[in-house]
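Okay, here's what each chain looks like letter by letter:
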Amino acid sequence: MNKKQKKMLVRILLAAVLLIALHFIPATGWLRFSLYLIPYLIIGYDILIKALKGIKNRQIFDENFLMAIATVGAIALALYEQSGDYTEAIAVMLFYQIGEWFQSYAVGKSRRNISELMDIRPDYANIERDGKLERIDPDEVEIGSVIVVQPGEKVPIDGVVTDGSSNLNTSALTGESLPRDVKAGDEIISGCINMTGVLKIRTTKEFGESTVSKILDLVENASSRKSKSEDFISKFARVYTPAVCIAAVALAVLPPVFRMLVMGLAAGWDVWIYRALTFLVISCPCALVISIPLSFFAGIGGASNAGILVKGSNYLETLSQTKIVVFDKTGTLTKGVFEVDGIHHSEMENAKLLEYAALAESASSHPISKSLQRAYGKEIDRSRVSDIQEISGNGVIAKVDGVTVAAGNDKLMERLGIRYISCHSAGTIIHMAVDGQYAGHIVISDVVKPDAEQAIAALKTAGIQKTVMLTGDAKKVADQVGSTLGLDEVYSELLPAGKVEKVEELLKSKPEKAKLAFVGDGINDAPVLRRADIGIAMGAMGSDAAIEAADVVLMDDDPMKIAKAIKISRKCLRIVYQNIVFAIGIKLICLALGALGLANMWLAIFADVGVMVIAVLNAIRALFVKKL
Amino acid sequence: MKKTYKIEVDCANCANKMEEAARKTSGVKDATVNFMTLKMNVEFEEGQDPKTVMETVRKNCKKVEDDCEIYF
């Protein structure tokens, strides 16, 4: 509780106690009036002052004005009728203030909750000076300085580890609970928590450009991009309050006049004015105005805690309407690293063949050669290799341990006049010939991510109608990945521009309301990310281009997060609609009851404060996304 | 030029009103108020001095919602 809230709480309690006490004091007439004026002024003086200021500044239709008119009106009626019933007016003011207090408390609380969830802002950086560690503001650290991060501290700035090794807790960034190992030479991103060893890091970015600053900036500005629902509510509030006020005036004036002139009955001014005042109490749009942005804020906060950064409420809204998900293949559904997938028809031990291949290809830095060297797994002794000939587009011929080894594609085998066995597997095939004899082939392919299939299935269960994969790869490879994963459509052999065209085609052919999401790793698909209704970049930690271009950023490269993001957005939007329908519905019902004289001020107060409290509590539910 | 300011305001509706008031201020190209993070993002028109524009923005905001503050 802050100072303002504490002060308000004291006022609320004081007024409530006084109100109850006055109930037992049998004062009458003006004395009674003055006594009751005390709690009324205690609880409502600021509202009255604000209402007066509002009138001075020509802002008459605000809630202070409404409450002031309604309560002053009720007191005036009680005076006029000489009923001495001032309790109602004071209670209305009291409950209104309780509602305001609760709202400010709840909003403050969720504000703190969400900032705790995103508690990745480092407060300091350690710099070694004359053998001593000194704490300085991360903003002051220049690029290329060496910072020291001790166990338990947050990595404040992006950089490269120069000394030490440790485990990193990345859960605040990715939602992933498994720690990550780092050692000297590894890149490290800010926002991780160092768990075990002391690390020395040479910074590669300024604090303002570091991952942690970018993320915080993104999350903090997210709810500034307003969704359609929020726009609807602010427009609605703008029309609704004046409309209800006009209706209240009409209710106070027209029926009595009609009764007098047409029906010849007594006007019954007091009854109708009372009903009109009830109208005013119901009219406050607070429940809507507060709960909708709060729901989005909570939804975005919950999502970022799960490692899903949503750049704005509007994107959360679009995401919830997603019906088509288009994937990029490499890096999104597959790991994007080539791995030896199989060794076929080998005339010698597989390990031996792999050794020959790795050694023959040792001079090349092509991804394929790298994957062979990785699969071989041992240190490469270059002295065993001689006479390396690279035949561009075909392969390599080299002498390994004095034996001629040829490693390459079909063309190389044809060129050397060696009979080879074609492979039916999808992937890149490396044929091997040792000493002029065919020795089998090695299949290298991009491996599908372990939970990619599950992720596609999860999307289907979440109600996604169509899943599409776009890739620049060969048709054979693409179709195989497509059928293993159960994708609906696969388009292969596309150039980057071709991907944009395909997405545009898909955008044209879909119904207006079904939104299309594109998921990519952000490396060369920025144009597609922008073109889609919603662009999702995955595994984007540290990739500025992807964070720029995408609307939703998944902090790690787990494809399951896509379905999770959609579920979070749906839950949030469900809450938003519940609140809209509930709040407007209850208000309309109460307005109708009020006009008919079936609702008194107590019910009106429920329609105002009660609905607001319920809507705020409901909105906070959007924060809980763990089980989705 | 875009700048972000910290604000103090108690109710969401008042934040909406501040946003409208800030938008209508001359020298301001666009403004958004974020009630949840209590921040106001202001985009100024070319060649405007943020300080002087913000004085007017504050004055206009005070007009629609007396109980608010903008820190700059």
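Now for a description of the structure that goes with this document.

Criteria and cut-off values
Residues numbered from 1 in each chain as written. Chains lettered and ligands numbered in written order. Predicted model: local features only at pLDDT ≥ 70, side-chain atom pairs only at ≥ 80, totals over all residues. Helix = DSSP H or I, 4+ residues; strand = E, 2+ residues; numbered from the N terminus. Rg over C-alpha atoms; globule rule 2.2 N^0.38 Å. Buried ≥ 20, exposed ≤ 12 C-beta atoms within 10 Å, placed from the backbone. Contact = placed C-beta atoms within 7 Å. Expected span 1.5 Å × (residues − 1). Pairing = 2+ DSSP bridges. Nonpolar A, V, L, I, M, F, W, Y, C, P; charged D, E, K, R; others polar. Axes fitted to C-alpha atoms, helices over the stretch in contact; angles between N-to-C directions. Parallel < 35°, antiparallel > 145°, perpendicular 65-115°, else oblique. Left-handed = near helix turned anticlockwise from the far one by under 90°.

**What to know about the overall build of chain B**
- Helix and strand counts for chain B stand at 2 helices and 4 strands.
- Seen in sequence order, chain B has helices and strands lined up from the N terminus as β-α-β-β-α-β.
- For a compact globule of 72 residues, the expected C-alpha radius of gyration is about 11 Å, and chain B comes in at 11 Å, within 12% of that figure.
- Expressed as lengths along the three principal axes of its C-alpha atoms, the size of chain B is roughly 35 × 20 × 20 Å.
- When each of the 72 residues of chain B is scored for burial, the buried share is 43%.
- Restricting the contact set of chain B to residue pairs at least 6 apart, pairs at least 24 apart contribute 56%.

**Overview of the overall build of chain A**
- Each helix and strand in chain A was counted, giving 21 helices and 22 strands.
- Expected size for 628 residues packed as a compact globule is a radius of gyration near 25 Å; at 35 Å, chain A overshoots this value by more than 25%.
- Structurally, chain A occupies a C-alpha span of about 120 × 65 × 35 Å along its principal axes.
- Burial status across chain A gives 47% buried among its 628 residues.
- Restricting to contacts in chain A with at least 6 residues of sequence separation, those with at least 24 account for 65%.

**Examining helix α9 (residues 286-305) of chain A**
Residue and element names in this part refer to chain A.
- Look at α9: 28 Å from first C-alpha to last across 20 residues, which is about the 28 Å you get at 1.5 Å a residue.
- Of all 20 residues in α9, 20 are buried, a share of seventy percent or more.
- A positive phi of about 85° marks G307, the residue just after α9.

**Quick notes on the pairing of strand β4 (residues 159-163) of chain A**
Residue and element names in this part refer to chain A.
- The pairing of β4 with strand β7 (residues 187-188) spans 2 bridges and is classified as antiparallel. The partner of V160 across the bridge, within β7, is E187.
- Note: β4 against strand β9 (residues 199-203), 4 bridges, orientation antiparallel. Paired with D163 across the two strands is K200, which belongs to β9.

**Quick look at the interface of chain B and chain A**
- Contact residues are listed per partner, giving 15 residues for chain B and 19 residues for chain A.
- Broken down by secondary-structure element, the contributors of at least two residues to the side of chain B that touches chain A are α1 (12-24), β2 (28-34) and α2 (50-64) of chain B.
- For the side of chain B that touches chain A, the element with the highest residue contribution is α1(B), accounting for 3 residues.
- Looking at the side of chain B that touches chain A, its residues break down into 5 nonpolar, 6 polar and 4 charged.

**Side note on unusual backbone geometry**
All names here are of chain A.
- Non-glycine residue D387 carries a positive phi angle of around 50°.
- Along the chain, D387 falls in strand β13 (residues 385-391).
- What makes D387 exposed here is the crowd of 9 C-beta atoms within 10 Å.
- The phi torsion at E493 lies on the positive side, around 55°, for a residue other than glycine.
- Looking at the element boundaries, E493 is found in the loop between β19 (489-491) and α17 (496-509).
- Its 12 C-beta neighbours within 10 Å are what place E493 among the exposed residues.

**Considering α1(B)**
- When the terminal C-alpha atoms of α1(B) are compared, their 19 Å separation across 13 residues agrees well with the 18 Å that a helix rising 1.5 Å per residue should span.
- Most of α1(B) sits inside the fold, with 10 of its 13 residues counted as buried.
- For α1(B), the elements touching its buried residues are α3 (63-81), α7 (228-263) and α9 of chain A together with β2, β3 (39-44) and α2 of chain B.

**A look at the packing of helix α20 (residues 560-596) of chain A against helix α21 (residues 601-620) of chain A**
All names here are of chain A.
- One can describe the packing of α20 onto α21 by two numbers: an axis separation of 10 Å at closest approach and a directional angle of 175°. One finds that α20 runs roughly antiparallel with respect to α21. Across the interface between the two elements, I575, Q578, N579, F582, A583, I586, K587, C590, L593 and G594 of α20 pack against L603, A604, A607, V611, A615, N618 and A619 of α21.
- Residue composition of the contact of α20 with α21, grouped by class: 12 nonpolar, 4 polar and 1 charged.

**Focus on the pairing of strand β21 (residues 534-538) of chain A**
All names here are of chain A.
- Burial within β21 is extensive, with 5 of its 5 residues counted as buried.
- Burial along β21 is two-sided: I534, I536 and M538 facing one way and G535 and A537 facing the other are all buried.
- Here strand β20 (residues 515-520) runs beside β21; their pairing, made up of 4 bridges, is parallel. Its bridge partner lying in β21, V519 is registered against I536.

**Describing the sheet that holds strand β5 (residues 166-169) of chain A**
Residue and element names in this part refer to chain A.
- Strand order in the open sheet formed by 3 strands is β6-β5-β8, and the pairing between neighbours is antiparallel. Here the strands that pair on one side only, and so sit at the sheet edges, are β6 (180-182) and β8 (193-194).
- Across 3 bridges, the pairing between β5 and β6 is antiparallel. The residue bridging L168 from the neighbouring strand is R180, located in β6.

**Thoughts on the packing of α1(B) against α2(B)**
Residue and element names in this part refer to chain B.
- Where α1 contacts α2, the two axes come as close as 9 Å, and the packing angle between them is 140°. When the axes of α1 and α2 are compared, the pair comes out oblique. Crossing handedness for the pair α1 and α2: right-handed. Here K17, M18, A21 and A22 of α1 lie close against α2, whose contacting residues are V57, N60, C61, K63 and V64.
- Across the contact of α1 with α2, the residue classes tally to 6 nonpolar, 1 polar and 2 charged.

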